[in-house]
Amino acid sequence: MIHPLIIFLYLARVVQGTSTDTTSHSCPPPDGTTRSLWSILGSCALTLLICVWQAIHPPVPPHRKKWPMGQTLLLTIASFLLPEMTVYTAVSQWWKARRIVKEFDRGGYAWSMSHSFFAEMGGFVYRDDDGREHTIRSLEFLDLCKENKIANPVITVREIKDKSKSDVLGKAILAIQLFWFTLQVAVRHFTGLAVTLVELDTVCMAVLTLCLLLFWRDKPLRPECPHIFYSHLSPQADRNLKETWKPEPCFLKQLMAYTRKTQTITDEEKIPPVGLLDSRAQSNVLQVIVNNFLDFPLVSLFATWFIFGGLHLTAWKFPFVTEAEQRTWHIASLILTGAPLALIVVMGLLFTLISVGWCPDKQGRFFFAVFLLLGLIVAEISRIALVAVMFTSFRSVPCSAYQVVSWTTYIPHL
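Residues numbered from 1 in each chain as written. Predicted model: local features only at pLDDT ≥ 70, side-chain atom pairs only at ≥ 80, totals over all residues. Heavy atoms only, no water.

What the rule picks out here adds up to eleven aromatic pairs. Here the aromatic rings of Phe124 and Phe229 are separated by 4.9 Å at their centres, their planes lie at 80°, and the arrangement is edge-to-face. Here Phe229 lies in strand β3 (residues 227-230) and Phe124 lies in strand β1 (residues 124-127), a separation of 105 residues in the sequence. Taken individually, Phe124 and Phe229 each receive the classification buried, so the pair is uniform in this respect. In textbook terms, an aromatic cluster arises when at least three aromatic residues are bridged by ring pairs, as seen for Phe104, Tyr109, Trp111, Phe118, Phe124, Phe141 and Phe229. The residue whose ring lies beneath Arg383 is Phe80, and the NZ or CZ to ring-centre distance is 4.9 Å. (Phe/Tyr/Trp six-rings, centres within 6.5 Å; stacked < 30°, edge-to-face > 60°. Helix = DSSP H or I, 4+ residues; strand = E, 2+ residues; numbered from the N terminus. Buried < 20%, exposed > 50% of the residue type's maximum accessible area, 1.4 Å probe, protein only. Lys NZ or Arg CZ within 6 Å of the ring centre and 35° of its normal.)

So this is what it looks like as structure tokens:
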């Protein structure tokens, strides 16, 4: 992972040093104290590329197979157009991994977040007595250990991290680069220099990527091979090449499965469905909201949604080429900011109706799922509108956008 980062950073410096005649005719040509349009676009594009590259944490491919490039491309586009859903996925997986670690601790087994992440992303494969292989998750692995059906049950954190395509140093370099870009844009704004819409959107992506680094800090990045556990009687030789490996569900299907399934931990305790709310009717409205609304992954989705839209609202008074583009940016930003607030109101109303018995549980959950889906569709349309306005704004860029920040004014030096 370090090598691609070094290449990206080097290309960013090369692009920033490129001098072209793409500035407005009314603005002075680029010199040592100004930057060009290609410098702005190149720096933002490379930063976005780093953000999206880090945002893609696909599951482990089926044994002896690789994920097709089309799926990787689809995940890349989805990470750019639906960044809040990427953060939601990260928080959901972190929340689930955290609960699994606690369950292993209660059973007296040494287990880490890296183990949980790697197992839940399809990194554990069990070969039974007949030589058949199938993917197992964390709780399946725990059951097999309790039944003493695994001959090699030990896998260390170091072995798991060795499969990752990134390490602490690579993530630290990425975090520093994103923080530096964000600091540059913030200083430009506070010093009165113009900030382009592309730079503002890149800052939003950088902030969300920093959140991903926080919640996925223990998750392996793009492991290509699972770890195989053997039963005591299983043949450890390679299987017949004519046998096929049944592929695991794709990443998006697994995300949808998280919102539909409840996975049993013990007879007394269950992992709550990630992303959906408990349907049990309560007599107390406040108890209903506390027990169902305070679902951390769902709260994180609303918070990310709100922050992402709020950051775009900071461009409320930015200069736009036309009034229609300015109005489009305002409306799209308000939709992104207000959508989670509207869903919270709908959620509270539905829970109130459920608690007083005026709305059945299943019907209430269905209505909320419909409103959530409509909110996501409207938010995605708003996101596409922001991207369109973002690129059309380069038809006329303020002259101060080409000026660079004079850091010697703010940093003490000799």
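Attention shifts here to the side chain of Glu133. Along the polypeptide, Glu133 turns up in strand β2 (residues 133-136). You can call Glu133 buried: its relative accessible area is 9%. Here the side chain of Glu133 touches Arg127 through a polar contact of 2.2 Å, side chain to side chain. (Polar contact = N/O pair within 3.5 Å; in protein donor to acceptor, adjacent residues only side chain to side chain.)

Turning to the nonpolar core, a few remarks are in order. By size, the foremost hydrophobic cluster in this structure holds 86 residues, and its most contacted members are Phe124, Phe141, Leu197, Phe302 and Trp329. Apart from the residues lying within four places of it in its own chain, the contact partners of Leu197 are Ala315, Phe318, Phe320, Trp329, Val389, Met390 and Ser393. (Core = buried A, V, L, I, M, F, W, Y, C linked by side-chain atoms within 4.5 Å. Contact = heavy atoms within 4.5 Å.)

The next thing to look at is helix α13 (residues 323-355). In this model α13 runs 47 Å from its N-terminal to its C-terminal C-alpha over 33 residues, within 8% of the 48 Å that 1.5 Å per residue would give. One or two positions beyond α13, positive phi appears at Gly357, with a value near 85°. (Expected span 1.5 Å × (residues − 1).)

Glancing now at the packing of helix α4 (residues 83-106) against helix α12 (residues 296-313). Each pair of packed helices can be described by the angle between their axes along with the distance between the axes. Here α4 crosses α12 at 155°, and the two axes come no closer than 9 Å. Between α4 and α12, the angle falls in the class roughly antiparallel. Considering only the axes of α4 and α12, their crossing is right-handed. Along the contact surface, α4 presents Pro83, Glu84, Met85, Val87, Tyr88, Val91, Ser92, Trp94 and Trp95, while α12 presents Phe296, Pro297, Leu298, Ser300, Leu301, Thr304, Trp305 and Phe308. Here the residues of the contact of α4 with α12 sort into 13 nonpolar, three polar and one charged. (Axes fitted to C-alpha atoms, helices over the stretch in contact; angles between N-to-C directions. Parallel < 35°, antiparallel > 145°, perpendicular 65-115°, else oblique. Left-handed = near helix turned anticlockwise from the far one by under 90°. Nonpolar A, V, L, I, M, F, W, Y, C, P; charged D, E, K, R; others polar.)

As a further point, take the pairing of β2. In terms of strand pairing, β1 meets β2 through four bridges, oriented antiparallel. Bridge assignment links Tyr126 to a residue of β2, and that residue is His134. (Pairing = 2+ DSSP bridges.)

A few words on the sheet that holds β3. One open sheet accounts for three strands, arranged β2-β1-β3; its pairing is mixed. Each edge of the open sheet is held by one strand with a lone partner, namely β2 and β3. Strand-to-strand twist across the sheet, computed as the mean angle between neighbouring axes with direction ignored, equals 35°. Strands β1, β2 and β3 of the sheet are contacted by helix α6 (residues 138-146), whose axis makes an angle of about 110° with β2.

Take the confidence of the model for the protein chain next. Per-residue confidence for the protein chain gives a mean pLDDT of 75; residues scoring 70 or more make up 73%. This model gives residues 1-25 a pLDDT under 50, and the stretch forms 45 contacts once residues within four places in sequence are excluded. (pLDDT = per-residue confidence, 0-100.)

It is at 9 Å that the axes of α4 and helix α5 (residues 113-120) come closest, and there the two elements cross at 120°. Of the possible angle classes, the one that applies to α4 and α5 is oblique. α5 is crossed by α4, and the crossing has right-handed handedness. Residues Gln93, Trp94, Lys96, Ala97, Arg98, Ile100 and Val101 of α4 form the contact with α5, whose participating residues are Met113, Ser116, Phe117 and Glu120.

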